[in-house]
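Breakdown of the fold
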Amino acid sequence: MVQPCLTDALSNRKVEVAQDLRGILIRIGRFKSLEAHCTKVHLKPIRLLWEDFDTKQQTNMLASEKNEVERLSSSNDFQSSLPTISFSSWLPSFYDELLLYLEQEWKCKS
């Protein structure tokens, strides 16, 4: 089966192996399968970049809750608040990371 080898080649940027497997799939009429598989492999890191916002928000929320519990147990009046990241301020960093990822992919294909 070609897919496990193709996944490995795409994930680890083994260009020559990926090109050989691409040739095999095209010869046997499986271009749509190749296209779908490439999309699936490449969307995973992009999805992780996108989900980074939620991850950071959850981390901040958990840390904030922990600080609140500590504040209540120590009966201090100071309030510690962790900065929350607004979506609009996070979005440019997502685009920067996405462009970096795409540039790396472009270099591997050239």
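Quantities reported herein were computed from a predicted structural model and do not represent experimental measurements.

Membership of the largest hydrophobic core is limited to eight residues, which are Leu6, Ala9, Leu10, Ala18, Leu21, Leu25, Leu34 and Val41. Elements supplying a minimum of two residues to this core: helix H1 (3-11), helix H2 (15-27) and helix H3 (31-74). Filtering out sequence-adjacent residues up to four positions away, Val41 remains in contact with Thr7, Leu10 and Ser11. Membership of the second largest hydrophobic core comes to six residues, among which are Ile46, Phe53, Trp90 and Leu98.

Take H1 next. All buried positions along H1 are accounted for by Leu6, Ala9 and Leu10. End-on, the buried residues of H1 take up no more than an arc of 95°, which puts them together on one face. With its phi angle positive at about 55°, Arg13 sits one or two positions after the end of H1.

Conventions we followed
The residue count restarts for each chain, going from 1 along the sequence in the order it is written. pLDDT decides what is reported in this predicted model: residues at 70 or higher carry local features, side-chain atom pairs at 80 or more are listed and counted, and totals for whole chains, interfaces and linings draw on all residues regardless. Side-chain measures here rest on the full set of heavy atoms in the structure, leaving out hydrogens and waters. Only buried Ala, Val, Leu, Ile, Met, Phe, Trp, Tyr and Cys residues count toward a nonpolar core, and they belong to the same one when joined by side-chain atoms within 4.5 Å. Three labels apply to residues, based on accessible area from a 1.4 Å probe with only protein chains included: buried if under 20% of the type maximum, exposed if over 50%, partly exposed otherwise in between. Helix and strand assignments come from DSSP, with helices taken as H or I runs of at least 4 residues and strands as E runs of at least 2, each series counted from the N terminus. Any pair of residues with heavy atoms lying within 4.5 Å of one another is described as a contacting pair. What the arc covers is the set of directions going from the helix axis to the C-beta atoms.

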